[in-house]
Amino acid sequence: MMVTSPIIASQIAPLANGWMQVSFNQAIPLQQGMRFRMGDSLLAPWRWQEQQIDCLALPSEQTLDPIQPITIDHHGFPIAVIEERVDYLLTGEGLGIADALLLAQHYRAYANQGLVLLAADQFPFAIKPARFMVSELPHLIAACPLLEDWGFANRLASESGLPGCFEGSLSALLSQLNMLQKKLKQPYY
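The structure displayed is predicted, hence computed values, not measured ones. (Residues numbered from 1 in each chain as written. Predicted model: local features only at pLDDT ≥ 70, side-chain atom pairs only at ≥ 80, totals over all residues. Heavy atoms only, no water.)

## Thoughts on the sheet that holds strand β6 (residues 70–74)
If you walk across this open sheet you meet the six strands as β1-β2-β5-β4-β3-β6, and the pairing is antiparallel. Looking at strand neighbours, the two that pair on one side only are β1 (11–14) and β6, the edges of this open sheet. The mean inter-strand angle of the sheet, taken between neighbouring strand axes irrespective of direction, is 35°. When strand β4 (residues 41–49) meets strand β5 (residues 52–57), the two strands line up antiparallel, connected through six bridges. From the neighbouring strand, glutamine 49 faces β5, where its bridge partner is glutamine 52. Contacts from helix α1 (residues 97–106) reach β3 (35–38), β4 and β5, with the element oriented near 10° to β4. (Pairing = 2+ DSSP bridges. Helix = DSSP H or I, 4+ residues; strand = E, 2+ residues; numbered from the N terminus. Axes fitted to C-alpha atoms, helices over the stretch in contact; angles between N-to-C directions. Contact = heavy atoms within 4.5 Å.)

## Some details on the side chain of asparagine 154
Mapped onto the secondary structure, asparagine 154 falls in strand β11 (residues 153–158). Judged by relative accessible area, which is 0%, asparagine 154 ranks as buried. A distance of 3.2 Å separates a polar side-chain atom of asparagine 154 from the backbone oxygen of phenylalanine 152. Filtering out sequence-adjacent residues up to four positions away, asparagine 154 remains in contact with Leu115, Val116, Ala142, Ala143, Cys144, Leu147 and Glu148. (Buried < 20%, exposed > 50% of the residue type's maximum accessible area, 1.4 Å probe, protein only. Polar contact = N/O pair within 3.5 Å; in protein donor to acceptor, adjacent residues only side chain to side chain.)

## Thoughts on the pattern of salt bridges
Enumeration according to the criterion identifies five salt bridges in this entry. Across the pair arginine 35 and aspartate 99 runs a salt bridge, and its minimum N-O distance is 2.7 Å. Placement of the pair is arginine 35 in strand β3 and aspartate 99 in helix α1, with a sequence separation of 64 residues. We note a salt bridge from arginine 131 to glutamate 148, for which the minimum N-O separation is 3.8 Å. Taken together, the residues arginine 131 in the loop between β9 (128–129) and β10 (142–143) and glutamate 148 in helix α2 (residues 145–149) connect sequence positions 17 residues apart. (Salt bridge = Lys/Arg side-chain N within 4 Å of Asp/Glu carboxyl O.)

## Remarks on the packing of aromatic side chains
Inspection of every chain in the model, using the stated rule, returns three aromatic pairs. Plain terms: the ring middles of phenylalanine 24 and phenylalanine 36 are 5.1 Å apart, the flat faces sit at 75° to each other, and that makes the pair edge-to-face. Within this pair, whereas phenylalanine 24 is found in strand β2 (residues 20–25), its partner phenylalanine 36 is found in strand β3, the two being separated by 12 residues in sequence. What makes phenylalanine 24 buried here is its relative accessible area of 0%. Phenylalanine 36 gets classed as buried once you look at its relative accessible area, which sits at 0%. (Phe/Tyr/Trp six-rings, centres within 6.5 Å; stacked < 30°, edge-to-face > 60°.)

## Quick notes on the environment of glutamate 148
For glutamate 148, a relative accessible area of 3% translates into the label buried. Put simply, glutamate 148 and proline 129 are 19 residues apart on the chain and 9.7 Å apart in space, counted from C-alpha to C-alpha. Residue contacts for glutamate 148: discarding those within four places in its chain leaves Ala130, Arg131, Phe132, Ala143, Asn154 and Arg155.

## Overview of a negative patch on the surface
Side chains of Glu93, Asp121, Glu159 and Glu167 sit close together on the surface and give a patch of like negative charge. Looking at the secondary structure, you find glutamate 167 in strand β12 (residues 166–167). (Patch = residues over 30% accessible without salt bridge, like charges linked within 9 Å, V, L, I, M, F, W, Y side chains within 5 Å. Areas by Shrake-Rupley, 256 points an atom, 1.4 Å probe, with all protein chains shown as cover. Lys, Arg positive; Asp, Glu negative; His and termini not counted. Charge placed at Lys NZ, Arg CZ, Asp CG, Glu CD.)

## Points about α1
Among the 10 residues in α1, eight count as buried, and that is most of the element. Against β3, β4, β5, β7 (88–93), β8 (114–119) and α2 lie the buried residues of α1.

Written as structure tokens, this is what we have:
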């Protein structure tokens, strides 16, 4: 993957809880786990539409400089093709939330076949009550509104005591969902 001209942010916008969204126009295919770098900040792409790439940046005390060039830090790997009628589980923790959102965007046609679990101390979006029931998680009601709009059942985990979230890490939630893990087939992201 060759980028011939410098990548410069077209927009830097604040999101919830100190997260930032960095957008730029570039005709490069996104891959799972791909990372860009802007100064000392790592950027994870979560959406690609009409050659605009939107990336998440973790909350930081450093200010992102819009004239600072953006470079590819890690190329990632191709997004897996899923089969119809196969249940799946997408996960993302911290900056990996961007990967889960990118995959969810790619798998939107199969939204009713999967479950998305996200974890962070604070999320880059306002937490909303879930609209989709997850029978194995009846006590968890916090969800990502964008994933809900796309038709995905999803739940959130946080070690910060956020209302409606699983109290703990993503791995702790997955451990408690052993029965669910057996029911859902991989891949885990």
